[in-house]
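# What the coordinates show
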Amino acid sequence: MKKNIEAEKIYHDINYDNYIVQYQGDIESEIAKRPDYYVVIINNKYAIVSVKKDLEINISEDAYFNSIVYVNQAIMYTLQEISPIEASQASFLQIESSLNLTGKGVNVAIIDSGIDYLNEEFMNMSGETRIECIWDQTIITTDTDESYPVPFGAIYKKDKINDAIKASKEGNSPYEVVPSRDEIGHGTNMSGIIGATGKNPALKGVAPDCDFVIVKLIEDISWEAQFKDTAVPVFNVTAIFAALQFLYEYASTNYKPMVIYFPLGTSLGNHKGNGLLEEFIESISSSGGIVVVAGTGNQRDAGGHASGILSKVSGIEAAGAGVIEIEVSPEQKNLWVEIWADLPNIISIQLISPSGEDTGMIPNIINYTYEYTFIFEKTSVRINYYFPEENTGDELIRIRFYDLQPGLFRIRITGNYILSGKYNAWLPQRGITVGNTRFSFPDPFGTITNPANSTYIVTIAAYNQNNNNIVNYSGMASLDAFVDRIDVAAGGVNALTVAPDNKTALVNGTSVSAAVVSGVCAMLFQWGVIDGNDKYIYSQTIKAYLVKGAISRPGDIAPNPYWGYGILNVPAIFENML
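Each value, and the rule that gives it
- Residues numbered from 1 in each chain as written.
- Predicted model: local features only at pLDDT ≥ 70, side-chain atom pairs only at ≥ 80, totals over all residues.
- Heavy atoms only, no water.
- Helix = DSSP H or I, 4+ residues; strand = E, 2+ residues; numbered from the N terminus.
- Contact = heavy atoms within 4.5 Å.
- Buried < 20%, exposed > 50% of the residue type's maximum accessible area, 1.4 Å probe, protein only.
- Polar contact = N/O pair within 3.5 Å; in protein donor to acceptor, adjacent residues only side chain to side chain.
- Phe/Tyr/Trp six-rings, centres within 6.5 Å; stacked < 30°, edge-to-face > 60°.
- Lys NZ or Arg CZ within 6 Å of the ring centre and 35° of its normal.
- Pairing = 2+ DSSP bridges.
- Axes fitted to C-alpha atoms, helices over the stretch in contact; angles between N-to-C directions.

## Examining the environment of Val323
- Turning to its location among the elements, Val323 is positioned in strand S12 (residues 321–328).
- Each C-alpha atom, one on Val323 and one on Ile349, is 9.3 Å from the other, the two residues being 26 residues apart in sequence.
- Discounting chain neighbours no more than four positions away, the residues touching Val323 are Arg410, Ile411, Arg412 and Tyr423.

## Some words on the environment of Asp301
- Looking at the element boundaries, Asp301 is found in the loop between strand S10 (290–295) and strand S11 (305–309).
- Residue classification places Asp301 among the partly exposed positions, given a relative accessible area of 30%.
- Sequence spacing of Asp301 and Tyr473 is 172 residues, and the spatial spacing of their C-alpha atoms is 5.2 Å.
- Setting aside residues no more than four positions away along its own chain, Asp301 makes contact with Arg430, Arg438, Asn472 and Tyr473.
- At 2.7 Å, the side chain of Asp301 forms a polar contact with the side chain of Arg430.

## Remarks on the side chain of Thr392
- For Thr392, the location among the structural elements is in the loop between strand S16 (380–386) and strand S17 (395–402).
- Among the polar contacts listed, one links the side chain of Thr392 to the backbone nitrogen of Asp394, at a separation of 3.3 Å.
- If we ignore the near neighbours within four places in the chain, the residues touching Thr392 are Asn270, Asn274 and Trp340.

## Considering the packing of aromatic side chains
- Summed over all chains, the structure comprises 15 aromatic pairs.
- Considering the side-chain rings of Tyr148 and Phe246, the 6.2 Å spacing of their centres and the 80° angle between planes classify their relative orientation as edge-to-face. Of the two residues, Tyr148 sits in the loop between strand S6 (131–136) and strand S7 (154–157) while Phe246 sits in helix H7 (residues 237–254), which places them 98 residues apart along the sequence.
- A relative accessible area of 17% means that Tyr148 is categorised as buried.
- A connected cluster of aromatic rings, assembled from ring pairs, spans Trp135, Tyr148, Phe152, Phe246 and Tyr250.
- Above the ring of Tyr175, the side-chain terminus of Arg181 is found at 3.5 Å from the ring centroid.

## Some thoughts on the sheet that holds strand S19 (residues 422–426)
- As summarised here, the arrangement of the six strands in space is S11-S19-S13-S17-S16-S15, forming an open sheet in which the pairing is antiparallel. The open sheet has two free edges, formed respectively by S11 and strand S15 (369–373), since each of these has just one partner strand. With strand direction ignored, the average angle separating the axes of adjacent strands in the sheet is 15°.

Written as structure tokens, this is what we have:
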């Protein structure tokens, strides 16, 4: 290749366009006669011709271009990365396979921000919706389907959704029929990964023949007002409980297996999988034909977890002290912190402000709210002790900061009764913590968001399917309890999917990896329940099948707290059935 320094400079000039041309003869001499044209020879057949934007290469009319026989018009290429769906090899078992597993006969329930029901990727080839039902918790109306009573919001079943689609095709407003929209887009994105029909082949989901049951969650405006600087919508556990109960009842009366995709999580709680929501999900998952799938969350690199061990001095009498430091960003106005001490340890705390003001040791009193306002910062705090916390048996200390000032807040921990001395602290998840608010010395282990710590939930880590590395945000299990916390890892990087208003989006995160596995679970339910190979599949059965299809990298020990038993490989699930 002949180097042309002047032409090379043109590649860094936005005023020039570049073309690949096929040539015969002395193209360099021809181009040299034209101002604002440059050429770089690739070989004896192809060259790069650069021209100013207001000019063009017209080989049919311009005699100067006798040597150019073909101009390849401008085409933009991007790096072609492996999609998460391709990485799972789920397509291997779709229509090209004798198994023909496409999720047919299976409901996938999605608890999220709603769905763009007008998108053709959620319709069958006849143009009818594949959405069996939408429960929009945000709508206030009396026009709702009473066959599925819900405590708030509105229910819209398949016939109503089809009426809305018909109205849209006729040029009328579909939202006068079904007024549910996905303003955020996350629910539509994830629905596409799970089960887009594939009318656009680039968007085809893992289970393109599954049916959908959609719950659009209502945001908690009270909490959003309290954490007014949050960068994410905030949902209350009340809305989530209602959603799960509705889906359980729906599955019980429709006699179809159901995958519940749960893309929600919180960093608060003791992360042992025994919280109230986790227990509720366990009770739902104990029924055959229902499985809940969640990601590990995107909190590993958020600096939201700290841990330590208090050393006892003599028996259970006195104990050493530990310190937790919180770096508070200027954007952070209010903040909650939870500190958990493993049963039967009992600890107490004192707070030190950035200016050095000290609350003194805060008395460990049950059913009492301790309040304090720092004089210089004018930051107020409210502290509650729960020992034992009713549902888990551990000690919980909840600290609420209001009107925070930036700087380094310290929490000094002292043991009152110490055996193991283990304690953990968590900040709320990223988005509720804003700016660079974080612990000074964070612990990346124990960053799976709840309720994904439940051993009854199919919990999925995210890895970069382009280099087989775990991504830096994927939540990790605790070092002292990681077996069966994470089941497998699936691709979570740059997934092309459906977006509202007939658009597409590239999305990342453990919600992506969990969506991929939700589609795979629908395939497993089809194989087992619908096709009759294993009619009594439970959540633990699904987990076992997924683990059988996990592939460990050379040098990895499985299971591990990073990505459980390994990388999801769908064909390997069936290869290892026996």
